[in-house]
Amino acid sequence: MANRLNNKVALISGGATGMGGASSRLFAAEGAAVAIVDINAETGNALAAEITKSGGNAIFVKCDVSKASDVEAAVAAVQKQLGAITVLFNHAGTIIIKPFLETSEAEWDRLTDINVKSMYLMTRAVLPQMIAAGGGSIVCTSSISAVAATPMEVAYNTTKGACHMFARAIAVEFRDRNIRCNAVCPGFVKTPHGLREVKELQAHGVDVSEAALAAQQGRICEPEEVARAALFLASDEASFVNGTHLFVDNGFTAI
Ligand code: NAD
């Protein structure tokens, strides 16, 4: 086992599947005690069991990250079982693909709650214990969508723009307490979220064909490639990296 996260307690929201799942496996393999925090109890429990079986330390805690009471209970449960959280990966999120003029107020609010308010709730719940522990690292999943817009994604693009700035603002306010906060910004990734996004965009006539994707980012990204970038930001190797946006997109946003 490698040891880049030895003695760290990592809470990964959305840690059951996709990039979150890949990060749960990788962070545990790097020595962290991992709390998988997700609404998907079946997959989350199975992943925690898989990690434990292979010699890692992982627990699953069910939580809807958009609900304050759920988040507070989950963070308290993690602290009780694993100790003070020193790595927080705010990864849980979802997407709505719809023409802007057909997006209802309820849909707008729900997406904002899951993608943005969740970061506020989770970070607010974790920061006091992270500061008391002497500091820590927060990684927020933003996206290429924070800076590159796609038709049918006005609501989603807006939420990711907010995640982008949330990471930067937390970094500036808390760096004097040894807290780092950065955003990881993936391109199109082969996860349930990413594959649904491609399918639904295609259904709305947006060109996300293999050829279009190849022109933009070469190929689809693997979840493990994002997990490795998140690991760097989470670990002490990134000790002076704070308030940054790390794009994992093979040049999508560089063109
Ligand atoms: P995913 O769908 O496999 O993972 C999302 C995880 O979040 C799931 O385990 C899901 O159960 C969990 N989740 C969703 N809503 C939740 C809630 N309310 N409370 C708790 N958990 C919840 O896909 P993924 O691509 O690894 O993750 C999606 C995240 O990645 C989002 O933040 C999304 O904006 C971001 N992202 C995805 C891509 C991509 O192409 N896949 C690209 C850029 C950014």
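The following paragraphs examine the structure supplied in this document.

With respect to spatial proximity, 29 residues lie near the ligand, and among them Thr17, Met19, Asp38, Tyr156 and Thr191 are the closest. Here glycine 187 contributes a backbone N or O atom positioned 3.5 Å from an oxygen atom of the ligand. Separating an oxygen atom of the ligand from a side-chain N or O atom of threonine 191 is a distance of 2.7 Å. Burial of the ligand by the surrounding chains reaches 94%, relative to a free accessible area of 830 Å². When contributions to the shell around the ligand are tallied by element, the ones reaching two or more residues are helix H1 (18–29), helix H5 (154–174) and helix H6 (192–203). Here the shell around the ligand is composed, by residue class, of twelve nonpolar, 14 polar and three charged.

Turning to the pattern of salt bridges, a few remarks are in order. For side chains of opposite charge, pairing can occur when their charged atoms come near one another. For the coordinates displayed, the defined rule picks out eleven salt bridges. Here glutamate 200 makes a salt bridge to arginine 196, at a shortest N to O gap of 3.3 Å. Here glutamate 200 pairs with arginine 196, and both are found in helix H6, just four residues apart, close to one helical turn. Relative accessible area serves as the criterion here: at 27%, glutamate 200 is assigned to the partly exposed category. A residue is classified by how much of its surface remains accessible, and arginine 196, at 31% relative accessible area, is partly exposed. It is possible to trace a salt-bridge network through shared partners that takes in Asp64, Lys67 and Arg110.

So, about the packing of helix H3 (residues 68–82) against helix H4 (residues 105–132). Contact geometry of H3 with H4 gives a least axis separation of 9 Å together with a crossing angle of 30 degrees. Between H3 and H4, the angle falls in the class roughly parallel. Along this stretch, H3 crosses H4, giving a crossing that reads as right-handed. In this structure, H3 contributes Ala68, Val71, Glu72, Val75 and Gln79 to the contact, and H4 contributes Leu121, Met122, Arg124, Ala125, Val126 and Gln129. Tallied by class, the residues present in the contact of H3 with H4 amount to seven nonpolar, two polar and two charged.

Our next topic: the sheet that holds strand S6 (residues 179–186). The parallel open sheet is built from seven strands, whose spatial order is S3-S2-S1-S4-S5-S6-S7. Every interior strand has two partners, whereas the edge strands, strand S3 (57–62) and strand S7 (245–248), have only one. Neighbour-to-neighbour, the strand axes of this sheet turn through a mean angle of 20 degrees, independent of strand direction. Summarising the sheet, strand S4 (residues 87–90) and strand S5 (residues 136–141) pair through four bridges and their orientation is parallel. When the sheet's bridge partners are listed, leucine 88 is paired in S5 with isoleucine 138. Contacts from H4 reach strand S1 (9–13), strand S2 (33–38), S4, S5 and S6, with the element oriented near 175 degrees to S4.

Turning to the environment of isoleucine 144, a few remarks are in order. Here isoleucine 144 is to be found in the loop between S5 and H5. Judged by relative accessible area, isoleucine 144 falls into the buried class, the value being 5%. Look past the residues within four positions of isoleucine 144 in its chain and what remains in contact with it is Cys185, Pro186, Gly187, Phe188, Phe247, Asp249, Phe252 and Thr253.

Rules behind the numbers
Residues numbered from 1 in each chain as written. Predicted model: local features only at pLDDT ≥ 70, side-chain atom pairs only at ≥ 80, totals over all residues. Heavy atoms only, no water. Near = heavy atom within 4 Å. Polar contact = N/O pair within 3.5 Å; in protein donor to acceptor, adjacent residues only side chain to side chain. Areas by Shrake-Rupley, 256 points an atom, 1.4 Å probe, with all protein chains shown as cover. Helix = DSSP H or I, 4+ residues; strand = E, 2+ residues; numbered from the N terminus. Nonpolar A, V, L, I, M, F, W, Y, C, P; charged D, E, K, R; others polar. Salt bridge = Lys/Arg side-chain N within 4 Å of Asp/Glu carboxyl O. Buried < 20%, exposed > 50% of the residue type's maximum accessible area, 1.4 Å probe, protein only. Axes fitted to C-alpha atoms, helices over the stretch in contact; angles between N-to-C directions. Parallel < 35°, antiparallel > 145°, perpendicular 65-115°, else oblique. Left-handed = near helix turned anticlockwise from the far one by under 90°. Contact = heavy atoms within 4.5 Å. Pairing = 2+ DSSP bridges.

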